[in-house]
Amino acid sequence: MNKCFFMALSLALFSLNVSAQCYTESQQQAWLQKAEASKPVLNKTTHHPVREVKIVADANAFQGFKAVEDGDINDLYSKSFKKKKEVIVDFGKHLVGNVSFKIKDIGPMQDAVLRFKVTFGEIPSDLGLPVEPYTGSLSRGWMQDFQCDVSYDGCYTFNRRITARYMKIEAVGTSIYSDFCFDNITFEATTSAGKSKAQLASTTPQIFKDIARVSENTLKDCMQGVFEDGPKRDQRLWMGDLYLEALANTASFKEYNVTKRCLYLLAGLANPDNGLLYSNMVEYPKPHAQQTFFVDYALSYILTLNDYLKATGDTETARDLWPVVKNQINTILAKAIDNNHLYANTGYQYKGMMVSIVFFDWAPVTLDNHAAIQGLLAHSIDCAYNIAKVIGKTDDVKAYPATAKQLRKAGYKAYWDAKKQIVVSGKERQESYTATSWAVLGDLIKGNEAQKAIRNIMQSNTAIKPGTPYANHFLVAAMLHCGMNSEAKKYVEDYWGGMVRLGADTFWEYYVPDNHLFSSYNGYTLLNSYCHAWSCTPIYFIVNYPEIFQK
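In this text, all values refer to a predicted model and were calculated from it rather than measured experimentally.

Quick notes on the rules
Residues numbered from 1 in each chain as written. Predicted model: local features only at pLDDT ≥ 70, side-chain atom pairs only at ≥ 80, totals over all residues. Heavy atoms only, no water. Helix = DSSP H or I, 4+ residues; strand = E, 2+ residues; numbered from the N terminus. Rg over C-alpha atoms; globule rule 2.2 N^0.38 Å. Buried < 20%, exposed > 50% of the residue type's maximum accessible area, 1.4 Å probe, protein only. Contact = heavy atoms within 4.5 Å. Areas by Shrake-Rupley, 256 points an atom, 1.4 Å probe, with all protein chains shown as cover. Lys, Arg positive; Asp, Glu negative; His and termini not counted. Charge placed at Lys NZ, Arg CZ, Asp CG, Glu CD. Core = buried A, V, L, I, M, F, W, Y, C linked by side-chain atoms within 4.5 Å. Pairing = 2+ DSSP bridges. Salt bridge = Lys/Arg side-chain N within 4 Å of Asp/Glu carboxyl O. pLDDT = per-residue confidence, 0-100. Polar contact = N/O pair within 3.5 Å; in protein donor to acceptor, adjacent residues only side chain to side chain. Expected span 1.5 Å × (residues − 1). Axes fitted to C-alpha atoms, helices over the stretch in contact; angles between N-to-C directions. Parallel < 35°, antiparallel > 145°, perpendicular 65-115°, else oblique. Left-handed = near helix turned anticlockwise from the far one by under 90°. Nonpolar A, V, L, I, M, F, W, Y, C, P; charged D, E, K, R; others polar.

**Thoughts on the overall build of the protein chain**
Reasoning step 1: The number of helices and strands found in the protein chain is 18 helices and 16 strands.
Reasoning step 2: In terms of C-alpha radius of gyration, the protein chain reaches 26 Å, essentially the compact-globule figure of 24 Å for 551 residues.
Reasoning step 3: Within the protein chain, buried positions represent 56% of all 551 residues.
Reasoning step 4: Nonlocal contacts in the protein chain, meaning residues at least 24 apart in sequence, comprise 77% of its contacts between residues at least 6 apart.
Reasoning step 5: A total of about 23,500 Å² of accessible surface is found on the protein chain, and carbon and sulfur atoms cover 51% of it.
Reasoning step 6: Side-chain charges of the protein chain comprise 58 positive and 56 negative groups, with the mean position of each set lying 4 Å from the other.

Written out as structure tokens, the structure is:
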């Protein structure tokens, strides 16, 4: 009898444990299988150096360095490299993929292992600034500098993916008896992007054609097996970057299978107990998540699914992932919203997550994100309700419209300074572009007040400016949202056009116009990514607002 009792008790406890889970193991495995079924085929193209260059100091160039042509590229394949000792080659464009080289004898046979130091650069300053002493706050392993030992077959293939335009080769160990030149240097580039579907009007100003081109190049190189944040660093799928990449993809390559794959991967790797999404994941050797929770990124998942649904009409995927949408919003509402309908503690730590963060931007100084998260949450609830309407699930979330209204009313009361006509955030009433952007996008303020808020924050000498193209995207979106069309056009031209005028092949992780060396990695600029997903969105604006950007 006692044995039967304990068996029954064990079964009951097991049932309680299972019912407490937000997602079952079989459910998440099915999501991961669907992600695998959506895995794109990588398109490959072969590239070779187009010229030899040298990196020279130039105070007017980005970060103080530029590449200038130097020498004849054909000499590399016919004249002694033992005598030349060093070369920098330019592939002519930013590339992502696998690099190899082969040497050949031009004198007595190779009689020793040859040693080279090879350094890759996305931009000229990657080869101009000193790597040592290394003071970066991330792994030294992200640096693309290598020791390469070439044996008697004369061949060398780098054992990791390379992201670069420039390649510096130095001979540091050669034989006194033999001599050699290069037989070939090959960069096999990869991307899951096909041909762009974007077609701009002939009336489009040249600067916006150039911005659109660099936008697409950025997205293309970030599109690998997933939407990566940066192909050099971090080579991961981050949810915040995913949202902006998916937007740009709808305006350009329309590779919706990649968006679908990313949505399913994140759902398949979510915390099964509390239902919350981890901020980012790595694709290889098998998909696995970094177990951090970025509140704003989790909400951006909802925005991504909503836009994916609008673009594709794929109600099956939306229904499948509907539990994930509800869990993000319901958990945040239950745990972090106070009795005044405010997200009052942006430092709140969600149970079961290693660390919880409200991010929004790597600004030059620490941001207060109370106003921003209030606006984003209201906007995300709207997007979730839109999904519910399309897939017939409004009965699940009947309270959402009223909840969003309460959040907006509370946010307006707390964060709109009617006297100064400006958005403030937190106890210190901090003024920032990001708080303003999301107060507008979240409809905490509307119409003339929204326009005044943006104009006033941009005229302020003390307001905190964005540190990244990521935050700048939402500023432009806010301008368009409240009818500041001419201001949005000028901002895109000045900001992203500023990178184009400085020679950008792809848009950068950071661009602070008055501080080109800005880096959040302990100020170590070489860790910065110069092809970064969160900077790729001008193509979205240019294509979707032709009356503004194509005339």
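**Quick word on the environment of Q147**
Reasoning step 1: When you line up the elements, Q147 lands in strand β6 (residues 145–150).
Reasoning step 2: Measuring from C-alpha to C-alpha, the distance between Q147 and V118 comes to 6.5 Å, with 29 residues separating the pair along the chain.
Reasoning step 3: What Q147 contacts, discounting residues up to four positions off in sequence, is R115, F116 and Y156.

**Here we look at the nonpolar core**
Reasoning step 1: Ranked by internal contacts, the top residues of the largest apolar core, which has 131 residues, are I211, Y301, L321, Y343, Y350, I387 and V423.
Reasoning step 2: Beyond its immediate sequence surroundings of up to four residues, I211 is in contact with V492, E493, W496, G497, V500, F507, P538 and I542.
Reasoning step 3: Ranked by size, the runner-up nonpolar core spans 29 residues in total, among them F81, L114, F180 and A189.

**Regarding the sheet that holds strand β11 (residues 280–282)**
Reasoning step 1: Strand order in the open sheet formed by three strands is β10-β11-β12, and the pairing between neighbours is antiparallel. Across the chains shown, the open sheet's two edge strands, defined by having one partner strand only, are β10 (237–238) and β12 (288–290).
Reasoning step 2: Alignment of β11 against β12, held across three bridges, turns out to be antiparallel. Residue pairing across strands places V282 opposite H288, the latter belonging to β12.

**A closer look at the pairing of strand β2 (residues 51–57)**
Reasoning step 1: Where β2 and strand β4 (residues 86–105) come together, three bridges link them in antiparallel fashion. Bridging across to β4, R51 finds its partner in D90.
Reasoning step 2: Where β2 meets strand β3 (residues 65–69), five bridges bridge the pair, whose relative direction is antiparallel. Bridging across to β3, V53 finds its partner in E69.

**Overview of the pattern of salt bridges**
Reasoning step 1: Per the stated rule, a full pass over the model turns up 25 salt bridges.
Reasoning step 2: Between D58 and K66 there is a salt bridge, with its nearest N and O atoms 3.2 Å apart.
Reasoning step 3: R261 serves as the salt-bridge partner of E283, at 2.7 Å between the closest nitrogen and oxygen. With E283 in the loop between β11 and β12 and R261 in helix α7 (residues 256–268), the pair connects residues that are 22 residues apart, well separated along the chain.
Reasoning step 4: You can call E283 buried: its relative accessible area is 7%.
Reasoning step 5: On the basis of relative accessibility, which here comes to 1%, the residue R261 falls in the buried class.

**Description of the confidence of the model for the protein chain**
Reasoning step 1: On average, residues of the protein chain score 95 in pLDDT, and 96% of them are at 70 or above.
Reasoning step 2: Of the regions scoring below 50 in pLDDT, residues 1–19 engages in zero contacts with residues more than four places distant in sequence or in other chains.

**A few points about unusual backbone geometry**
Reasoning step 1: With omega at 0°, the peptide bond leading from E132 into P133 counts as cis.
Reasoning step 2: With respect to the element layout, P133 can be found in the loop between α4 (125–128) and β6.
Reasoning step 3: Even without being a glycine, Q63 presents a positive backbone phi close to 60°.
Reasoning step 4: Residue placement: Q63 occurs in the loop between β2 and β3.
Reasoning step 5: Taking relative accessible area as the criterion, Q63 reaches 8% and is therefore assigned buried.
Reasoning step 6: Here F360, not a glycine, exhibits a phi torsion of approximately 75°, which is positive.
Reasoning step 7: Relative to the helices and strands, F360 resides in the loop between β14 (356–357) and α11 (370–391).
Reasoning step 8: Note on F360: relative accessible area 3%, which makes it buried.

**So, the side chain of S460**
Reasoning step 1: Here S460 is to be found in the loop between α14 (447–459) and α15 (469–481).
Reasoning step 2: Within the local environment of S460, its side chain forms a polar contact with the backbone nitrogen of T462, the two atoms lying 3.1 Å apart.

**Here we look at the side chain of S380**
Reasoning step 1: Within the secondary structure layout, S380 lies in helix α11.
Reasoning step 2: S380 gets classed as buried once you look at its relative accessible area, which sits at 0%.
Reasoning step 3: A polar side-chain atom of S380 sits 2.8 Å from the main-chain carbonyl oxygen of L376.
Reasoning step 4: Not counting residues up to four positions away in its chain, the partners in contact with S380 are L299, I302, L303 and I329.

**Some thoughts on α11**
Reasoning step 1: Compared with the 32 Å implied by 1.5 Å per residue over 22 residues, the 32 Å span of α11 between its first and last C-alpha is a close match.
Reasoning step 2: Counted residue by residue, α11 has 16 buried out of 22 residues, so it is predominantly covered.
Reasoning step 3: G392 sits one or two positions beyond α11 and adopts a positive phi of about 75°.

**Details of the packing of α11 against helix α13 (residues 433–441)**
Reasoning step 1: Following both chains from N to C, one finds α11 and α13 inclined at 25°, their axes separated by 7 Å at the closest point. With respect to α13, the axis of α11 lies roughly parallel. The handedness of the crossing between α11 and α13 is left-handed. Along its contact with α11, which presents A371, A372, G375, L376 and H379, the element α13 presents T434, A435, W438 and L441.
Reasoning step 2: Tallied by class, residues from the contact of α11 with α13 come to six nonpolar, three polar and no charged.

**Digging into the packing of α11 against helix α12 (residues 400–415)**
Reasoning step 1: Where α11 meets α12, the axes come as close as 9 Å, and the angle between the chain directions of the two elements is 160°. It follows that α11 is roughly antiparallel to α12 by the angle criterion. Every pair of crossing elements has a handedness; the one defined by α11 and α12 is left-handed. Here α11 contributes H370, A371, Q374, L377, A378, H379, I381, D382, A384 and Y385 to the contact with α12, which in turn contributes Y400, P401, T403, A404, L407, R408, A410, G411 and Y415.
Reasoning step 2: When its residues are assigned to classes, the contact of α11 with α12 shows twelve nonpolar, five polar and two charged.

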